[in-house]
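The residues making up each chain are set out below.
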Amino acid sequence: MKKSFFNITGMTCVACAGTIERKVGQIDGVESAVINFSTEKLLVTYDAERVTPQLIIDTIDALGYGATLVDDGLSENAPKKDSESKYRKQINEVRNRLVFSLIFTLPLFYLAMGPMVGLPIPGFLAGMENLLLNALTQMFLTLPVVYLCRYFYINGYRALAKRIPNMDSLVAVGTSASFLYGVVVLFILAYGFSYDDMTLVHHYAHELYFESTTVILVLITLGKYFETRAKGKTSEAIEKLIALVPENANVIRDDQEIEISIDEVKVNDIVIIRPGERIPVDGEIISGRSSIDESLLTGESIPVEKKEGDYVISGSINKTGSFKFKATKIGQDTTLNKIIQLVEEAQSSKAPIARIADQISRYFVPAVMGIALLTFLIWMLVGYGLSFALSAGISVLVISCPCALGLATPTAIMVGTGKGAEKGILFKNGPALETLGKSNTIVFDKTGTLTVGAPSVTDVILYDEHITQPELLRIIASIEQKSEHPLSDAIVKKARDSNLELTDPESFDSLPGLGIKGQIDGIELVAGNTKLMEQEDISTAAMASDYQRLSEMGKTPLLIGWNGSLKGIIAVADTIKENSYQAVSQLKAMGIKVYMLTGDNERTAAAIGKMVNIDHVVANVLPHEKSQMIKKLQAEGNQVVMVGDGINDAPALAQSDVGIAIGNGTDVAIESADVILMQNDLMNIVSAVQLSKATLRNIKQNLFWAFIYNIIGIPLAAGILYIPFGLKLNPMFAAGAMSLSSVSVVMNALSLKTFRTKLFDVSRNQNTAPVVEAELPLNIENNTKEGKIMKKLMKVDDMSCQHCVKRVDGILNGFEGISAVSVSLEKGQASFTATEDVDISAVAAALTEAGYPASEITE
């Protein structure tokens, strides 16, 4: 399915948008058609083999509206420096129409209303003898205003002719009736003067409605002016992002530096960036270093240090140094352009709550026209005369406000998604923005989400007073250089970060399932687990309590010894992210249940859960079981949010009600998610949830005001209070109320721009609460197309840490026909289901060859 944006012209209210959505949606091959009335853009998802953009445009043209295809390229997103923005043009157009209309309306209003309050008017228009001349003058002052506001009549009557009445239809019918009634009264006055029937002249002397026609048009135009200005502010987030794109780039071509247009940059071009310049495309630094301000893209306020090998993002600002980078993504593939596309798609989608307004607005205008006609007939039948009945009918037409209904949801979503983008939170669609705030359960993946995702040295403990921590770290890191184990990488990195000088070992030997052995500086050193220490006759009694404590904290202790004695322990673990505890605590303070899923064993999972203040942990979870856990929680009536960053999280992200992907995660995870965090900070989840709640609350407020205006205004305009209280709403005041309703809805939506994340007072000692183990759903089904499924159990030796567990898990999952793999470090076992054509001996051989002797356990 292909997605395309279309700019729509000629829409005046939500009824227009609804008509276009229905007609385009009826095209065979169109999956969905959604209009954002605020941005006047249509997003169509369609089968490109059956539907062409021209067919969609022709369908819209046939309805009497205009449509143009929006190019997906970045060049179309780039700001046009020499031309005004769409909203600026609209604002200027409406403002000019308003000013010129006022030039004719003010003297007309003075002529019509001045004598009633004792104000003087020119002598040649004063008195009964000049009444006909006065009436003609009013009519001729009305005609220019009608012409200036002619689009109301063109659009309104065209929509009526096509039987799809809209707001313009209400205005056109109401003001036409008012103007024509004035013309009829003008002829009656002429008749009275011609036949000297002064009784008739006196009766109709104050029945002219020309001033009502012009004032209604002016007030509605004034409302449109304020509405257009406010709507322009709702798209500021997009405009800020678009403005980040520089127009030119300095690249090296034929060994010379040249300045070219950003559209001419090609993949693998070498781009030169100097202090203060914006980065034109995505790329990888090949020389130099600098600090980069990525705040407008990721929400990260502190400049990020970049060096050779790091990636830079288009639109970010280079602060200090100069560097060269190789362009890797250009045009619509750049991160900035994808962010713009995501925000535009989110702003063009509809939240579920919008369906209420959509259903009502579909029948709103025809219903209002029916009420206006009924009002006119009732007042005529009860004997209040043509003038009174016409005034009441016109008031009903012009006070009705379909625009407010149409603006209630999209304006709030636009501001909400825009505010999110400013904070580095990208909502892919309106439903995600709404659903996130309603969710009561959040499930976190552990590795790479709550934790950094890479092992690092956390503790260095000494048992020999003649050696220092740096010296122990230098010696073991020098040996570990030769190992390919992930723990070795962490130790070597720690040593290099500490500026320790490493030396090459004289000998090195890897001992699968035990550790390593080697000689460095004449020292015969061993490093590994307790089995290795026992094998080397090195006593471990001194470190028993430390070993137990580190293990309970989810860390992997590496024992180091030489000369027959234990020298120290270096503990390695996947460390907790800085804000994990605070983010979880804030979510719990908001009344949200928090779960953690991890492939670690129960002891490690409990330790991590305690450190990040999560009460519900699920250990030994395999990739395919994550989505099962989400289903289980949903079956219990929860609305579930899943937070993850890896390929293994994609099914769970897709299964959840709202999936949140960390921005530095894999493309697969990001594609499966509904919300993307550009910044690797879990506190942004708190912001996202609160922003979702604030937006939903704002939508409800907007819908309330839109409905209350119409619920109160229409009966009041119809004259329901006239008989008991003598209160009647003049059409001019009705027009003003109508304009005010649309403006108030948009202004209320703009209040979201002041959103700030609220932090609760959370005590750190909350993490002493016991960790509750949450169970996985039982009887997980594994479907295979053919072959008998068998449950297998294997003994796997020499696993020493979670990295070993993951290697064994990876080997088993690599066999076709094997599924539901579960590896237990404590038991030294692996269980899985396999089809009958799987060679178990080959599986055992593969594990043994990888350093984990394996054999099948049979009962």
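Worth saying up front: this structure is predicted, and the values here are computed from it rather than measured.

Trainee: How should I be thinking about the overall build of the chain in this particular structure?
Mentor: Helix and strand counts for the chain stand at 31 helices and 31 strands. Within the span of the chain, comprising 859 residues, buried residues form 53% of the whole. Counting only contacts in the chain whose residues sit at least 6 apart along the sequence, the fraction spanning at least 24 positions is 71%.

Trainee: What am I meant to see in the environment of Met590 here?
Mentor: Position of Met590 relative to the elements: it lies in the loop between helix H22 (580-589) and strand E22 (593-597). Considered as a pair, Met590 and Asn440 are 150 residues apart in the sequence and their alpha carbons are 9.3 Å apart. When residues no more than four places from it in sequence are discounted, the contact partners of Met590 are Val686, Val689, Gln690, Lys693 and Phe760.

Trainee: What should I look at first to understand the UniProt feature "transmembrane region" (unreviewed entry) in the chain in this one?
Mentor: Annotation from UniProt places "transmembrane region" (unreviewed entry) at residues 98-119, 131-149, 170-193, 208-226, 363-382, 388-409, 703-725 and 731-750. Here residues 98-119 runs as 73% helix and 0% strand, with 25 Å between its end C-alpha atoms. In this annotation, residues 208-226 is assigned 89% helix and 0% strand; the end-to-end C-alpha distance for the span is 30 Å.

Trainee: Hey, could you run me through the sheet that holds strand E10 (residues 304-306) in this one?
Mentor: As a general point, the strands of a sheet are linked pairwise by backbone hydrogen bonds and lie either parallel or antiparallel. Strand order across the open sheet formed by three strands is E10-E9-E12, with antiparallel pairing between neighbours. Only two strands of the sheet have a single neighbouring strand rather than two, namely E10 and strand E12 (317-318). Alignment of strand E9 (residues 290-293) against E10, held across three bridges, turns out to be antiparallel. Paired with Ile292 across the strands is Val304, a residue of E10.

Trainee: Please explain the pairing of strand E30 (residues 829-835) as it appears in this structure.
Mentor: Residues in a regular strand project their side chains so that they alternate between the two faces of the sheet. The buried fraction of E30 amounts to six of the seven residues, a majority that puts the element mostly inside the structure. Inspection of the sheet shows strand E29 (residues 818-824) paired to E30 by five bridges, in the antiparallel sense. Directly across from Ser822, in E30, lies its bridge partner Ser831.

Trainee: Help me understand the packing of aromatic side chains, please; the structure alone is not making it clear to me.
Mentor: Each aromatic ring pair is summarised here by two numbers: the centre-to-centre distance and the angle between the ring planes. Tallied over the full model, the rule gives 11 aromatic pairs. Ring centres 4.6 Å apart and planes at 55 degrees place the aromatic pair Phe388 and Tyr722 in the tilted group. Linking Phe388 in helix H14 (residues 385-399) with Tyr722 in helix H28 (residues 722-725), this pair joins segments that are 334 residues apart in sequence. Its relative accessible area of 26% is what places Tyr722 among the partly exposed residues. Through successive ring pairs, a cluster of aromatic residues spans Trp379, Tyr384, Phe388 and Tyr722. Directly above the aromatic system of Tyr147 lies the positively charged group of Arg150, at a separation of 4.3 Å from the ring centroid.

Trainee: In this structure, what is going on with the nonpolar core? I would like to understand it.
Mentor: Soluble globular proteins: nonpolar side chains tend toward being buried together. Core analysis: the largest hydrophobic core is formed by 126 residues, its most contacted members being Ile20, Val24, Leu42, Ile56, Phe444, Leu587 and Ile685. Counting residues per element, this core draws most heavily on helix H27 (residues 683-718), which supplies 14 residues. Setting aside residues up to four positions removed in sequence, Ile685 forms contacts with Ile442, Phe444, Leu587, Val643, Ile660 and Leu677. In this structure, Val251, Val265, Phe323 and Ile676 belong to the second largest nonpolar core, which totals 28 residues.

Trainee: Looking at this structure, I do not really get the pairing of strand E2 (residues 30-36). What am I missing?
Mentor: The buried fraction of E2 amounts to five of the seven residues, a majority that puts the element mostly inside the structure. Examined bridge by bridge, E2 and strand E3 (residues 41-46) share six bridges and lie antiparallel to one another. Opposite Val30, over in E3, you have Tyr46 as the bridge partner.

Trainee: Looking at this model, I keep getting lost on helix H18 (residues 469-480). Mind explaining?
Mentor: Between its first and last C-alpha atoms H18 spans 16 Å; for 12 residues at 1.5 Å apiece the expected length is 16 Å, and the two agree. Within the span of H18, buried status applies to Leu472, Leu473, Arg474, Ile475, Ile476, Ala477, Ser478, Ile479 and Glu480.

Trainee: Quick question: what am I supposed to make of the environment of Tyr181 here?
Mentor: Within the secondary structure layout, Tyr181 lies in helix H7 (residues 167-194). Along the primary structure Tyr181 and Ser387 are separated by 206 residues, whereas in three dimensions their C-alpha atoms are 8.5 Å apart. If sequence neighbours within four positions are ignored, Tyr181 has contacts with Tyr204, Glu207, Tyr209, Leu386, Ser387 and Leu390.

Trainee: Mind showing me how you'd approach the packing of H14 against helix H29 (residues 731-750) here?
Mentor: When two helices pack together, their arrangement is given by the angle between the helix axes and by the axis-to-axis distance. One can describe the packing of H14 onto H29 by two numbers: an axis separation of 8 Å at closest approach and a directional angle of 10 degrees. Comparing their axes, H29 and H14 come out roughly parallel. In this structure, H14 contributes Ser391, Ile394, Ser395, Val398 and Ile399 to the contact, and H29 contributes Pro731, Ala734, Ala735, Ala737 and Met738. Taken together, the residues of the contact of H14 with H29 break down into eight nonpolar, two polar and no charged.

Trainee: Which parts of the structure should I look at to understand the packing of H14 against H27?
Mentor: Remark: H14 packs on H27, axes separated minimally by 7 Å, with the N-to-C direction vectors making an angle of 165 degrees. It follows that H14 is roughly antiparallel to H27 by the angle criterion. Note on packing geometry: the crossing formed by H14 with H27 is right-handed. When H14 is examined against H27, the residues Ala392, Ser395, Val396 and Ile399 are found in contact with a partner set consisting of Asn710, Gly713, Ile714, Ala717 and Ala718.

Trainee: Any chance you could explain helix H23 (residues 602-611) here in plain terms?
Mentor: The periodicity of an α-helix, 3.6 residues per turn, causes residues three or four places apart in sequence to face the same way. Every buried residue belonging to H23 is among Thr604, Ala605, Ala607, Ile608 and Gly609, and all of these are buried. In this fold, the buried residues of H23 make contact with helix H17 (446-450), helix H21 (544-552), strand E21 (565-576), E22 and strand E23 (616-618). One or two residues past the end of H23 sits Asn613, with phi positive at roughly 70 degrees.

Trainee: Just checking my understanding: could you explain the pattern of salt bridges for this structure?
Mentor: Pairing is possible between side chains that carry opposite charge, provided their charged atoms lie close to one another. Inspection of the entire model under this criterion finds 18 salt bridges. The residue Lys626 makes a salt bridge to Asp445 at a minimum N-O spacing of 2.9 Å. Of the two residues, Lys626 sits in helix H24 (residues 623-635) while Asp445 sits in strand E15 (residues 441-445), which places them 181 residues apart along the sequence. Residue Asp497 pairs with Lys493 through a salt bridge whose shortest N-O separation is 3.0 Å. One end of the pair, Asp497, and the other, Lys493, are both in helix H19 (residues 486-497), four residues apart, so they sit about a helical turn from each other.

Trainee: Explanation requested: the side chain of Asn638 in the structure shown.
Mentor: Within the secondary structure, Asn638 sits in the loop between H24 and strand E24 (640-644). Engagement of the side chain of Asn638 in a polar contact is seen with the side chain of Thr441, the distance being 3.5 Å. Of the polar contacts made by the side chain of Asn638, one reaches the side chain of Lys593; its length is 2.8 Å. Sequence-distant contacts of Asn638, that is, excluding residues within four places in its chain, are made with Asn440, Thr441, Lys593, Leu633 and Asp657.

Trainee: So what exactly am I meant to see when it comes to the sheet that holds E3 here?
Mentor: Sheet architecture is open: four strands sit in the order E2-E3-E1-E4, paired in antiparallel fashion. For this open sheet the edge positions go to E2 and strand E4 (66-70), each flanked by a neighbour on one side alone. The mean angle between the axes of side-by-side strands here comes to 25 degrees, regardless of whether they run parallel or antiparallel. Bridge analysis of strand E1 (residues 2-9) against E3 gives six bridges, and the strand direction is antiparallel. Within the sheet, the bridge partner assigned to Phe6 lies in E3 and is Leu42.

Trainee: How should I be thinking about the environment of Leu502 in this particular structure?
Mentor: As for its placement among the helices and strands, Leu502 is situated in the loop between H19 and strand E17 (507-511). Residues Leu502 and Arg474 lie 28 residues apart in sequence; the distance between their C-alpha atoms is 6.1 Å. In contact with Leu502, not counting residues within four places along its chain, are Arg474, Ala477, Ser478, Gln481, Val492, Ala495 and Arg496.

Trainee: So what exactly am I meant to see when it comes to a nonpolar patch on the surface here?
Mentor: On the surface, Leu373, Leu374, Leu377, Ile378, Leu381, Val382, Tyr384 and Ile723 cluster together into a nonpolar patch covering about 820 Å² of accessible area. Among the elements that line the nonpolar patch, the one with the most residues is helix H13 (residues 354-381), at five residues. Along the polypeptide, Leu374 turns up in helix H13.

Trainee: When you look at unusual backbone geometry in this model, what are you seeing that I'm missing?
Mentor: Note: most peptide bonds trans; most residues except glycine with negative phi. Despite not being glycine, Asp196 has its phi angle at roughly 55 degrees, a positive value. Mapped onto the fold, Asp196 is located in the loop between H7 and helix H8 (198-204). What makes Asp196 exposed here is its relative accessible area of 61%. In this structure, Asp537 is a non-glycine residue whose phi angle is positive, near 60 degrees. By the secondary structure assignment, Asp537 is in the loop between helix H20 (530-535) and H21.

Analysis parameters
- Residues numbered from 1 in each chain as written.
- Predicted model: local features only at pLDDT ≥ 70, side-chain atom pairs only at ≥ 80, totals over all residues.
- Heavy atoms only, no water.
- Helix = DSSP H or I, 4+ residues; strand = E, 2+ residues; numbered from the N terminus.
- Buried < 20%, exposed > 50% of the residue type's maximum accessible area, 1.4 Å probe, protein only.
- Contact = heavy atoms within 4.5 Å.
- UniProt positions renumbered as here; feature names shortened; annotations may be inferred.
- Pairing = 2+ DSSP bridges.
- Phe/Tyr/Trp six-rings, centres within 6.5 Å; stacked < 30°, edge-to-face > 60°.
- Lys NZ or Arg CZ within 6 Å of the ring centre and 35° of its normal.
- Core = buried A, V, L, I, M, F, W, Y, C linked by side-chain atoms within 4.5 Å.
- Expected span 1.5 Å × (residues − 1).
- Axes fitted to C-alpha atoms, helices over the stretch in contact; angles between N-to-C directions.
- Parallel < 35°, antiparallel > 145°, perpendicular 65-115°, else oblique.
- Nonpolar A, V, L, I, M, F, W, Y, C, P; charged D, E, K, R; others polar.
- Left-handed = near helix turned anticlockwise from the far one by under 90°.
- Salt bridge = Lys/Arg side-chain N within 4 Å of Asp/Glu carboxyl O.
- Polar contact = N/O pair within 3.5 Å; in protein donor to acceptor, adjacent residues only side chain to side chain.
- Patch = residues over 30% accessible without salt bridge, like charges linked within 9 Å, V, L, I, M, F, W, Y side chains within 5 Å.
- Areas by Shrake-Rupley, 256 points an atom, 1.4 Å probe, with all protein chains shown as cover.

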